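Overview (structure and organization)
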Amino acid sequence: QYPIRPASMTYDDVTHLSAKIKPKQQKVELDMAIDTLNPNYCRSKGEQIALNVDGTCTDETSTYSSKLMDRQTFCSSQAASNVSRYAAAIYRKGELHLTPLHGILQLRPSFSYLDKADAKHREREAANEAGDSSQDEAEDDIKQITVRFSRPETEQARQRRVQSYEFLQKRQAEEHWVHLHYYGLRDSRSEHERQYLLSQGHGMAENTELIKSPSEYLMMLMPPNVEEEKDKPVAPSNVLSMAQLRTLPLADQIKILMKNVKVMPFANLMSLLGSGTDSTAVLRCIQQVAMLVQGNWVVKSDVLYPKDTSSPHSGVPAEVLCRGRDFVMWKFTQDRWVVRKEVATVTKLCPEDVKDFLEHMSVARINKGWEFLLPYDEDFVKKHPDVVQRQKMLWMGIQAKLEKVYNLLKEHLTPKKQDGQSAHPLLVSGEQRVNMAKAKVKQNYRLLEKELQKQKAESKANDAPSKMDISNVCLKEEPVSDEEPMDASAYESMNNGMVNGIHSEESSMDSLNGHLPGGCTDRVAQELKAFVMTTFKKQFVLTLSELKRLFNLHLASLPPGHTLFSGISDKMLQDMVLDTGCKQILVPFPPQIHAVSPDELKVYALWEAGDIYDQHRQVLLKIFTKNYRVRRNVIQHQLSQECGEDLNKQDVDRVIKDCCVSHAGMWYLKGTVQS
């Protein structure tokens, strides 16, 4: 790029100067002529550069008329935004002379000649291609063209044109050069100008400004930089400084982060905001600038596309862009995958705008579509159900607007399942789980019924209808004491006339009743004990009603003919719970709660699990024998007294999570919260 080695170039190599001075812009351009006869000058490099810029022809428009790069242009840039604190100093005869500066410019080489060389190269290539095509092609076909008449230029259009980069570049190129004469360092004219940097006063009496203390003088010389603080941007734009960001209000911090990141889990947002930030305040602010999609927060469309803006690709107004992006976000609330073609068909937007929407919140997968950028945040959904419900209501309102605007069909509203694509984990309610279990039980019972019917047919064929082999069938023994049988009314509809896995008929001679066969009781006890131990090691605290519900779900998952289908009463289940090391917790329920089912008032807890938290859990369970509900500080204080002062927060959280649930700021044992 240089015909002269920069390390060897001096002002002696410059033969003349020309300049363009722009006082308003505080900008200077210097055009320095280079001594081509200097031994530091590389003639072959200079000729090559001139040839690349001007080509072989020489005319008035040529940049280098001598066919050598014989001059170099330097452009200035401001070295500092505020130079009022700087001064030029000369030390002479024991005196320090200071001259204030009003501007500091730094000169850098301009490579505009390289742009001209590239333009020439493209013109030559275009001319060569046009020549080749004109020789090969026949007479051009007649083509229809569209003629448009330009409209009169409005005042706003004229202002935009005047402020455009091309117009400013054109005006800059049209400015005339002013020829300058260079004076060397030891020239008399240079020495004369240098005298202006020396103070003309000869006595200290006239310099009243210097009759001050050193601290006052330094304060005058370097005043507090108030203006620079005002000039600082209110908020970072493209590059975020975390130090500056945390000086802003919380709402502005969240808005700037979400605008730059686009999609973020709540846990990541809390980590960026720093320790000590209130999560409740963050939740309140995040809902103003973002929407919840698959447990993650996605910045709102009107934050990215403010009012009175337009698309950089198609010029579509911001209102239409927000509507199209909301459709993409809504589609991701229905499924993890979105097809770009479907979005473009519904929104009628250009492909570039649709691609921008998808790139904000998803990633393209070959032959599959666009997958949501982050995994489903199940932790946030479980911890903040109220926020999830509020966001769900907002999405329902947005869906209603989209249906009206885009006339969405049923196929657009129903999420599509694609092969090989895994949907996000769904939150299944308890009622749905029970229905699924009922369906599975019915299916198992049908298989069992077919098997029994087959056995009946075989027995009738052998003329022994009353002697069917019942060695593998275990039936429920009718209670002979005051024991209350297990309440299975909620599951009567799914039994379909079956008792504990055995089909009964009114007139059938095969329906049996009696005691369990030998060895069956032991197997039932072992299976029941294994179920109770496994369940309490996972849950730690259960009411009798919840335990019965889990047991029925366990039965539904077993194959037909399992030993547990022999029939388990409430007394057997409670006795097994106590035999496995659990204890009944006598919770002092308030009087108004006794209207509920008695099974919901019987609370059992695993007393010894065999881990290091047994003592902590026992202290916690003793607290609930005296109180129906307690505050966290009471639990923490009691644990500290009983287990030692060195109990950390994680241990307390672990114990509380094992045994308790929170409701309205109070803590209850699991299953004892009554609305």
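Here the structure is shown first, and the text comes after it.
Residues numbered from 1 in each chain as written. Predicted model: local features only at pLDDT ≥ 70, side-chain atom pairs only at ≥ 80, totals over all residues. Heavy atoms only, no water.

1. Brief notes about the environment of Lys392
With respect to the helices and strands, Lys392 occurs in helix α17 (residues 385–406). Each C-alpha atom, one on Lys392 and one on Leu292, is 8.4 Å from the other, the two residues being 100 residues apart in sequence. (Helix = DSSP H or I, 4+ residues; strand = E, 2+ residues; numbered from the N terminus.)

2. Points about the pattern of salt bridges
According to the stated counting rule, one finds 20 salt bridges in the structure shown. Put simply, Glu546 and Arg549 hold a salt bridge, and the shortest N to O gap is 2.8 Å. You can see Glu546 and its partner Arg549 sitting in helix α22 (residues 544–556), three residues apart, about one turn around the helix. What makes Arg549 partly exposed here is its relative accessible area of 25%. Residues joined in a network through salt bridges with shared partners are Asp611, Asp614, Arg617, Arg654 and Asp658. (Salt bridge = Lys/Arg side-chain N within 4 Å of Asp/Glu carboxyl O. Buried < 20%, exposed > 50% of the residue type's maximum accessible area, 1.4 Å probe, protein only.)

3. A word on the pairing of strand β18 (residues 603–606)
By the alternation rule, side chains of β18 split into Val603 and Ala605 and Tyr604 and Leu606, which are all buried. As judged from the three bridges shared by strand β16 (residues 541–543) and β18, these two strands associate in the antiparallel manner. Each bridged residue has a counterpart across the sheet, and for Thr543 the counterpart in β18 is Val603. Here strand β17 (residues 582–585) runs beside β18; their pairing, made up of four bridges, is antiparallel. Bridging from a neighbouring strand, Lys583 pairs with Ala605 of β18. (Pairing = 2+ DSSP bridges.)

4. Some details on the sheet that holds strand β10 (residues 296–299)
Strand order in the open sheet formed by three strands is β8-β10-β9, with antiparallel pairing between adjacent strands. Across the chains shown, the open sheet's two edge strands, defined by having one partner strand only, are β8 (263–264) and β9 (290–293). Both β8 and β10 contribute to a ladder of two bridges, which runs antiparallel. By the bridge assignment, Met264 is partnered in β10 with Trp297. Running over the sheet, helix α11 (residues 279–289) touches β9 and β10 and is turned about 45 degrees from β10. Where helix α13 (residues 318–334) meets the sheet, its contacts fall on β9 and β10, and the angle it forms with β9 comes to roughly 30 degrees. (Contact = heavy atoms within 4.5 Å. Axes fitted to C-alpha atoms, helices over the stretch in contact; angles between N-to-C directions.)

5. Focus on the packing of helix α24 (residues 614–623) against helix α25 (residues 632–643)
At a minimum axis distance of 10 Å, the contact between α24 and α25 shows a crossing angle of 130 degrees. In this view, α24 runs oblique relative to α25, as classed from their interaxial angle. Once α24 is placed against α25, the crossing between them reads as right-handed. Between α24 and α25, the contacting residues are Gln615, His616, Val619, Leu620 and Ile623 on the first element and Ile635, Gln638, Leu639, Glu642 and Cys643 on the second. Here the residues of the contact of α24 with α25 are counted per class, giving six nonpolar, three polar and one charged. (Parallel < 35°, antiparallel > 145°, perpendicular 65-115°, else oblique. Left-handed = near helix turned anticlockwise from the far one by under 90°. Nonpolar A, V, L, I, M, F, W, Y, C, P; charged D, E, K, R; others polar.)

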